[in-house]
Amino acid sequence: MKDKTVSWIGTVLMISIPILFSCASNHLVKNKQAEEYFNSGTEHLQKGEYDQAISGYSKALELNPRYTEAYLNRGIAYRNKGQHDQAVSDYGMVLQIDPKDARAFCNRGNIFIEKGQYDKAISDYNKALEINSRDAQVFYNRGVAYYFKCLEDIKKA
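This structure is a prediction, so every number in the text was calculated from the model and none was measured.

S.K.: Outline the packing of aromatic side chains, supporting the account with residue identities and numerical values.
M.R.: Across all of its chains, the model carries 4 aromatic pairs by this definition. Look at Phe 38 and Tyr 57: their rings are 5.5 Å apart centre to centre, the planes differ by 55°, and that puts the pair in the tilted class. Placement of the pair is Phe 38 in helix 1 (residues 2-46) and Tyr 57 in helix 2 (residues 50-63), with a sequence separation of 19 residues. On the basis of relative accessibility, which here comes to 13%, the residue Phe 38 falls in the buried class. With a centroid separation of 5.1 Å and an interplanar angle of 25°, the aromatic rings of Phe 38 and Tyr 67 are classed as stacked. Remark: Tyr 67 occurs in the loop between helix 2 and helix 3 (68-80) and Phe 38 occurs in helix 1; sequence separation between them is 29 residues.

Below you can see the structure in the form of structure tokens.
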């Protein structure tokens, strides 16, 4: 009985190990492909080719839906195209994956300023500063949001 059990375990291992390695190998291939699409997207983003950048980042995200850098950069491409709602959505995805990503809060705050939603911008900048209290750019951006908010109040007065 013991010999049959050992033999059975050996057979299961012989079958399972290649399957486990093929899954890990497939995961590595997908991550490598995702990185290649990400790099292509970044090249297009740097050239101002936003549609191609978005396409590259989207393909990377199909392969790796938790690729926060791809969401961040695709958000930048969307913002540069004036597609603010899509950018806000991408930054929201980053924050679902990593709630401590100060860059996503800051980038989303920038969009809220452009949309005239100063309270939302200030809130996002505050959250970014809770995570990284040494980021001078976030302090500056928050000051800009307060400035525009004050201008609204002055116009109302």
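There is more to say after this.
S.K.: Describe the nonpolar core, and please don't skip the residues or the numbers.
M.R.: Side chains of nonpolar character tend, in soluble globular proteins, to be buried together. In terms of nonpolar packing, the biggest core is built from 34 residues, with Tyr 67, Ala 70 and Tyr 125 touching the most fellow members. Those elements giving two or more residues to this core turn out to be helix 1, helix 2, helix 3, helix 4 (84-97), helix 5 (102-114), helix 6 (118-131) and helix 7 (136-156). Looking at which element gives the most residues to this core, the answer is helix 5, with 7 residues. Not counting the four nearest positions on each side in its chain, Ala 70 is found in contact with Phe 38, Tyr 57, Ala 60 and Leu 61.

S.K.: Kindly report on the environment of Asn 141, identifying the contributing residues and their values.
M.R.: For Asn 141, the location among the structural elements is in helix 7. On a C-alpha basis, the gap between Asn 141 and Cys 106 in space is 8.2 Å, while along the polypeptide they are 35 residues apart. Setting aside anything within four residues of it in sequence, one finds Asn 141 in contact with Cys 106, Asn 110, Ile 113 and Tyr 125. Separated by 2.8 Å, the side chains of Asn 141 and Gln 137 make a polar contact.

S.K.: I'd like to hear about the confidence of the model for the protein, residue by residue, with values.
M.R.: Overall, the predicted model of the protein reaches an average pLDDT of 87, with 82% of residues at or above 70. pLDDT under 50 marks residues 5-25. Its contacts with residues more than four places away, or in other chains, come to 1 contact.

S.K.: So what about the pattern of salt bridges? Which residues, and what values?
M.R.: Tallied over the entire structure, the rule returns 9 salt bridges. For Glu 69, the salt bridge is made with Arg 103, and the minimal N-O distance between the two is 2.9 Å. Note that Glu 69 is positioned in helix 3 and Arg 103 in helix 5, a separation of 34 residues in sequence. You can call Glu 69 partly exposed: its relative accessible area is 30%. When its relative accessible area of 39% is taken as the criterion, Arg 103 is described as partly exposed. When the shortest N-O distance is used, the salt bridge between Arg 108 and Asp 124 registers 2.6 Å.

S.K.: So what's going on with helix 4? Which residues, and what values?
M.R.: Here helix 4 is 14 residues long and its end C-alpha atoms lie 20 Å apart, about the 20 Å a rise of 1.5 Å per residue gives. Taken as a whole, helix 4 has its buried residues at His 84, Ala 87, Val 88, Asp 90, Tyr 91, Gly 92, Val 94 and Leu 95. Elements that come into contact with the buried residues of helix 4 comprise helix 3 and helix 5.

S.K.: Break down helix 5 for me, with residues and values.
M.R.: For helix 5, which comprises 13 residues, the first-to-last C-alpha distance of 19 Å matches the rise-based estimate of 18 Å (1.5 Å per residue) to within 8%. Most of helix 5 sits inside the fold, with 11 of its 13 residues counted as buried. Listed in full, the buried residues belonging to helix 5 are Ala 102, Ala 104, Phe 105, Cys 106, Asn 107, Arg 108, Gly 109, Asn 110, Ile 111, Phe 112 and Ile 113. Buried residues along helix 5 sit against helix 3, helix 4, helix 6 and helix 7. Immediately beyond the C-terminal end of helix 5, within one or two residues, lies Gly 116, with a positive phi of roughly 75°.

What counts and how
Residues numbered from 1 in each chain as written. Predicted model: local features only at pLDDT ≥ 70, side-chain atom pairs only at ≥ 80, totals over all residues. Heavy atoms only, no water. Phe/Tyr/Trp six-rings, centres within 6.5 Å; stacked < 30°, edge-to-face > 60°. Helix = DSSP H or I, 4+ residues; strand = E, 2+ residues; numbered from the N terminus. Buried < 20%, exposed > 50% of the residue type's maximum accessible area, 1.4 Å probe, protein only. Core = buried A, V, L, I, M, F, W, Y, C linked by side-chain atoms within 4.5 Å. Contact = heavy atoms within 4.5 Å. Polar contact = N/O pair within 3.5 Å; in protein donor to acceptor, adjacent residues only side chain to side chain. pLDDT = per-residue confidence, 0-100. Salt bridge = Lys/Arg side-chain N within 4 Å of Asp/Glu carboxyl O. Expected span 1.5 Å × (residues − 1).

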